[in-house]
Amino acid sequence: MVVSEGDAGSWQALLGDLPDGALVVNEGGTVVLANEALAQLTEYPLADLIGSPLERLVPSRLAAAHERLRAAFDTSTRTRRFGSHTHLVLVTREGVEREVDIALSRVSIDGAPATLALVRDLSDVRATALESDSELRYRLAFEISVAPIVFTNERDQIVAANDAFCELLGRSREELLGQDSSLFTYPLDLGITEASLERVRRREVDAERYVKRYVHRDGRILVVEVARRAAYDADGRLMFNVISERDVTEERSLTAQLAHQALHDPLTGLANRALLEDRLVRARAKVSRQGGFGAILMVDLDDFKEVNDFHGHLVGDQVLIAVARRLEEVARTADTLCRFGGDEFVYLVEGVHQADQVRHIAGRLLGALERPLAVMGLAIEQHASIGIALWDVESSEDVAVLEQADLALYEAKRLGRNRYAVYSPSLHQLNVGRGRELHALREALADGSLAMHYQPIVAATSTTVVGFEALMRWRHAERGWVAPAEFLGLAESSDLIGDLGAFALHEATRDAVAWSDEPTGPYVTVNLSARQLFGPDLLEHVRSALVASGLAPARLILEIPERVAREDASRTTLVIDELRALGVGCALDGFGDGLASLAQLLNLDLRFVKIDRSLVRPTEVNLVGADLVDFIVTLGRRTGIGVVAQGIESTDDLERLRAAGCDLSQGFLFSEAVPAGAVKPLLDGPLSELASKTKPSSISDMQASATAES
Ligand code: C2E
Ligand code: CA
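All values derive from a computational prediction rather than experimental measurement.

A word on the overall build of the protein
Link 1 in the chain: Broken down by element type, the protein carries 30 helices and 29 strands.
Link 2 in the chain: Long-range pairs, those at least 24 residues apart, make up 59% of the contacts in the protein with a sequence separation of at least 6.
Link 3 in the chain: Of the roughly 34,500 Å² that the protein leaves accessible, carbon and sulfur atoms contribute 53%.

Written out as structure tokens, the structure is:
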């Protein structure tokens, strides 16, 4: 393929002007044109070069290989850029080898195909250590920077580190060069860098920020904020990474009394509540001086708890950091973005003159979370809901503004999340509505409208019902049977949850005795909420329920949410030990993928663990489910803890979990939770019938069956 055409005369004139060495070689490997720069480089007179074989300029040990490469270039390639080959060597007339860089291009001279080579002398550049202005500037900046900076190669091994980086880790440059960060990364954080690098390799991102821990040479643990960026060559191959770090250990240590810390959230670095309150006072003062108005945007992440439960806290923290960065990107400089606590952020808008401006800002904040967040190798969808409260000179005090934003937020959530809602006085009525619902629930408890229903737990191999899970229902005058998801959250936000918990224990133990008064009869499991588990009355409630019912303690099992146990393993251990002393068993509920702490949790004194529905039916988001089940079953076996698969809806589910070795199962395939009076037939009837039953479709079916019973 011919790239450029011309006659020998015009080529010679062109080459003569070039500052780099240049020559044209024909297909036979003979130099047909060359310029003065090349003559100087090779120390041959120009006339000597022309007509001579090209290989004369190549060291003899490389001549044969060079001929092969030249032939390959002639037949296949059109051009080759500077920098695409390294360690090219040219030999001069005096036999001196010089390092060169060569660019090639196919040309046609007087109709004959040939190759044009541009030759740049590198040995010269290196010898005189010529650095371009900008190279010099960057090198000096790198060297004197007080921020630790490293360059790593495509395998993330360190190729250059500045003094600040060496100091950060207390290690010499010699120790660090050629190593990757696993040398000094805190063992639990090893995955963070790997995941990031993997994303960079796959070109999902080319810049990232995250927080991780290092171990200083002297053993101290350092917390560092890492910003890394990858550089790629023209073909998209990763060339190197540049990594800049910030030591935030001090900032984050609880004891450090730094001013920053007093006013900023240690995880995200955003303003904290104290700083927000201060800004709010100032903003209001400004509004009363200058007019206009301001707004509070209460930003609450949607279903963040699931991220935490599903991926663990390490990921949860990184999600919060990533969200903070996204929101910051769209924040106006005059405004204040604050982490208000947990997964709640507050955005304070100052000096606006139209409500539309505030809506626009809310839209931008939501938009900033539209794309999934890249966190530790995962693409996490994390949206938020926003409650907006506006104020002007007339508005009442600061606290009311925050409360109004909170009410609007509640409304945004109610309307389906991932949206904003603006406070209006009618929302206040809604809040009153919540109060009413709580009141109604309290009445329901008092007048017997709450009931426990029971769902069988089935031995996987023998198809025998071995126990029941007690699930609470509210028989509502207008709404029919109400599921616990609709009222437990509300109860949990008040003291009512304690009374509901005591009710569940008393009902369940009494009903269990009614099914059988044998000490070996089917057991009953009762769900505990976090507040109950760590509340002061749990043991008293359990003891009195056992005494009142006469149930053998071994037939009572309390289900503890896995998340709660994981978050506070030591307190959980204490409570379990106390319950075991009463003869009552414990189970872990909703076992998901808190893998880091799996082994630790299985050290607890448990009857069984109940694996999460999400693992029973792996979906695209949770493909590893099946492996996890295997793993949990294996660990369970080793520690003598049974495994219950819950949410079994089909015979497929059942087969899969039996194959994985689950001992027990529970789900709509066998039966939905039924009223106490409908339990007996489940105990007596053949289970094959149960297993062939299809899933009851809704709570209204259940309602029908319940009314049929009573
Ligand atoms: P959980 O502990 O995970 O209880 C299992 C839930 O899954 C129940 O929902 C049950 O009806 C449902 N379920 C059972 N089999 C299947 C199935 O095959 N497929 C599907 N899709 N779902 C199935 P329910 O009764 O609505 O209870 C919801 C949650 O409320 C429970 O989740 C539990 O955390 C809580 N809860 C229920 N009763 C009590 C109680 O008395 N005290 C406390 N603290 N929490 C309770
Ligand atoms: Ca449960």
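Some details on the packing of aromatic side chains
Link 1 in the chain: Enumeration over the complete set of coordinates arrives at eight aromatic pairs.
Link 2 in the chain: Here the aromatic rings of Phe468 and Trp515 are separated by 4.8 Å at their centres, their planes lie at 50°, and the arrangement is tilted. Separated by 47 residues along the polypeptide, Phe468 in strand S21 (residues 465-476) and Trp515 in helix H19 (residues 496-515) bring together distant segments of the chain. When sorted by exposure, Phe468 lands in the same class as Trp515, which is buried.
Link 3 in the chain: Among the aromatic residues, those joined into a cluster by ring pairs are Phe142, Phe151 and Phe240.
Link 4 in the chain: A cation sits over an aromatic face here: Arg203 above Tyr232, 3.5 Å from the ring centre.
Link 5 in the chain: If you follow Arg571 out to its NZ or CZ, it ends over the ring of Phe534, 4.0 Å from the centre.

Some points on the nonpolar core
Generally speaking, nonpolar side chains in soluble globular proteins are found buried as a group.
Link 1 in the chain: In this structure, Tyr454, Val524, Val542, Leu556, Leu558 and Ile611 are the most contacted members of the largest nonpolar core, which totals 71 residues.
Link 2 in the chain: Looking at this core element by element, the count peaks at nine residues for H19.
Link 3 in the chain: For Ile611, the contacting residues outside a window of four places in its chain are Phe591, Val616, Val629, Ile632, Val643, Val644, Ala645, Gln646, Leu657 and Cys662.
Link 4 in the chain: Grouped together as the second largest cluster of nonpolar side chains are 39 residues, Val223, Phe345, Leu366 and Ala368 included.

Notes on the coordination of the calcium ion (ligand 2)
Link 1 in the chain: Distances from the calcium ion (ligand 2) to its protein donors, Glu469 (OE), Asn527 (OD1), Glu559 (OE) and Asp589 (OD), fall within 2.2 to 2.3 Å.
Link 2 in the chain: Each donor residue of the calcium ion (ligand 2) belongs to the same chain, and together they define the spacing E-x57-N-x31-E-x29-D. Separated by 32 residues along the polypeptide, Asn527 in strand S23 (residues 523-527) and Glu559 in strand S24 (residues 556-561) bring together distant segments of the chain.

Examining unusual backbone geometry
Backbone phi values are negative for most residues with the exception of glycine, while trans is the configuration of most peptide bonds.
Link 1 in the chain: In this structure, Glu43 takes a positive phi of about 65° despite not being glycine.
Link 2 in the chain: Relative to the assigned elements, Glu43 resides in the loop between helix H2 (36-42) and helix H3 (46-49).
Link 3 in the chain: On the accessibility criterion, Glu43 (32% relative accessible area) is partly exposed.
Link 4 in the chain: A positive phi is found at Asp303, a non-glycine position, where the angle reads about 50°.
Link 5 in the chain: In this structure, Asp303 sits in the loop between strand S13 (293-301) and helix H13 (304-311).

Thoughts on the site of ligand 1
Link 1 in the chain: In the vicinity of ligand 1, 20 residues are found, and the nearest of them are Gln455, Arg473, Arg613, Glu649 and Phe668.
Link 2 in the chain: Here Asn527 contributes a side-chain N or O atom positioned 3.1 Å from an oxygen atom of ligand 1.
Link 3 in the chain: Within the side chain of Arg613, a nitrogen or oxygen atom sits 2.7 Å from an oxygen atom of ligand 1.
Link 4 in the chain: Relative to its unbound accessible surface of 800 Å², ligand 1 loses 79% to contact with the protein.
Link 5 in the chain: Elements represented by at least two residues in the shell around ligand 1 include exactly strand S20 (450-459) and S21.
Link 6 in the chain: Top element by residues in the shell around ligand 1 is S21. It accounts for four residues.
Link 7 in the chain: Per-class residue counts for the shell around ligand 1 are nine nonpolar, six polar and five charged.

Here we look at the sheet that holds strand S12 (residues 238-247)
Adjacent strands of a sheet pair through backbone hydrogen bonds, lying either parallel or antiparallel.
Link 1 in the chain: Read across the open sheet, the five strands follow the order S9-S8-S12-S11-S10; overall the sheet is antiparallel. With partners counted over all chains shown, the strands left at the sheet margins are strand S9 (158-161) and strand S10 (207-215), one partner each. Each neighbouring strand pair of the sheet contributes to a mean axis angle of 25°, computed without reference to strand direction.
Link 2 in the chain: Bridge count for strand S8 (residues 149-152) against S9 is three bridges, and the pairing is antiparallel. Across the sheet, the residue bridging to Val150 is Ala161, located in S9.

Some points on empty space enclosed by the protein
Where empty space is left can be seen by rolling a probe of water-molecule size over the atoms.
Link 1 in the chain: Using the criterion set out here, one finds three cavities of 30 Å³ or more in the structure.
Link 2 in the chain: In this structure, the largest cavity encloses a volume near 100 Å³.
Link 3 in the chain: Forming the walls of the largest cavity are 15 residues, and the residues nearest its centre are Asp156, Ser181, Tyr214, Ile243 and Glu245.
Link 4 in the chain: Of all the secondary-structure elements, those providing two or more residues to the lining of the largest cavity are S8, S10, strand S11 (221-232) and S12.
Link 5 in the chain: Ranked by the residues each element gives to the lining of the largest cavity, the list is headed by S10, at three residues.
Link 6 in the chain: Within the lining of the largest cavity, the residues separate by chemical class into eight nonpolar, three polar and four charged.

Points about the environment of Asp343
Link 1 in the chain: When you line up the elements, Asp343 lands in the loop between strand S14 (336-341) and strand S15 (344-352).
Link 2 in the chain: With 20 residues separating them along the chain, Asp343 and Val323 place their C-alpha atoms 9.6 Å apart.
Link 3 in the chain: Aside from chain neighbours lying at most four places away, what touches Asp343 is Val299, Asp300, Leu301, Phe304 and Leu320.

Describing the pattern of salt bridges
In a structure, side chains of opposite charge can pair up when their charged atoms sit close to one another.
Link 1 in the chain: Following the criterion strictly, the structure yields 34 salt bridges and no others.
Link 2 in the chain: Residue Arg220 pairs with Asp218 through a salt bridge whose shortest N-O separation is 3.2 Å.
Link 3 in the chain: Arg220 sits in the partly exposed class, given a relative accessible area of 45%.
Link 4 in the chain: Here Arg246 ties to Glu225 by a salt bridge, and the two come within 3.4 Å at their closest N and O atoms. Taken together, the residues Arg246 in strand S12 and Glu225 in strand S11 connect sequence positions 21 residues apart.
Link 5 in the chain: Given the relative accessible area of 38%, Arg246 is considered partly exposed.
Link 6 in the chain: Note on Glu225: relative accessible area 17%, which makes it buried.

Describing the pairing of S12
Link 1 in the chain: As paired elements, S8 and S12 share four bridges and run antiparallel to each other. Looking at S12, one finds that Ile149 is bridged to Ser244.
Link 2 in the chain: Pairing of S11 with S12 involves nine bridges; the strand directions are antiparallel. Across the sheet, residue Val226 finds its bridge partner in S12, namely Glu245.
Link 3 in the chain: Taking the residues between adjacent antiparallel strands as the criterion, S11 and S12 are bridged by five residues, where Gly236 takes a positive phi near 85°.

Some thoughts on helix H15 (residues 355-368)
Link 1 in the chain: Look at H15: 20 Å from first C-alpha to last across 14 residues, which is about the 20 Å you get at 1.5 Å a residue.
Link 2 in the chain: For H15, the full list of buried residues reads Val358, Ile361, Ala362, Leu365, Leu366 and Ala368. All buried residues of H15 fall inside an arc of 160° around its axis, so they share one side. Residues of H15 that are exposed and angled more than 90 degrees away from the buried face: Asp356 and His360.

Considerations on the pairing of strand S3 (residues 31-34)
Link 1 in the chain: Bridge analysis of strand S2 (residues 21-26) against S3 gives three bridges, and the strand direction is antiparallel. Looking across to S3, one finds that Leu23 is bridged to Ala34.
Link 2 in the chain: In this structure, the hairpin formed by S2 and S3 is closed by a connection of four residues, where Gly29 is found at a positive phi of approximately 90°.

Cut-offs used in this document
Residues numbered from 1 in each chain as written. Chains lettered and ligands numbered in written order. Predicted model: local features only at pLDDT ≥ 70, side-chain atom pairs only at ≥ 80, totals over all residues. Heavy atoms only, no water. Helix = DSSP H or I, 4+ residues; strand = E, 2+ residues; numbered from the N terminus. Contact = heavy atoms within 4.5 Å. Areas by Shrake-Rupley, 256 points an atom, 1.4 Å probe, with all protein chains shown as cover. Phe/Tyr/Trp six-rings, centres within 6.5 Å; stacked < 30°, edge-to-face > 60°. Buried < 20%, exposed > 50% of the residue type's maximum accessible area, 1.4 Å probe, protein only. Lys NZ or Arg CZ within 6 Å of the ring centre and 35° of its normal. Core = buried A, V, L, I, M, F, W, Y, C linked by side-chain atoms within 4.5 Å. Donors = N, O, S within 2.8 Å, 3.2 Å for Na, K, Ca; no water. Near = heavy atom within 4 Å. Polar contact = N/O pair within 3.5 Å; in protein donor to acceptor, adjacent residues only side chain to side chain. Nonpolar A, V, L, I, M, F, W, Y, C, P; charged D, E, K, R; others polar. Pairing = 2+ DSSP bridges. Axes fitted to C-alpha atoms, helices over the stretch in contact; angles between N-to-C directions. 1 Å grid on protein atoms, 1.4 Å probe; cavity = no way out; pocket = protein on both sides within 12 Å on 5 of 7 lines; lining within 4 Å. Points joined across faces, edges and corners; volume = space filled by probe spheres on them. Salt bridge = Lys/Arg side-chain N within 4 Å of Asp/Glu carboxyl O. Expected span 1.5 Å × (residues − 1). Arc of directions from axis to C-beta.

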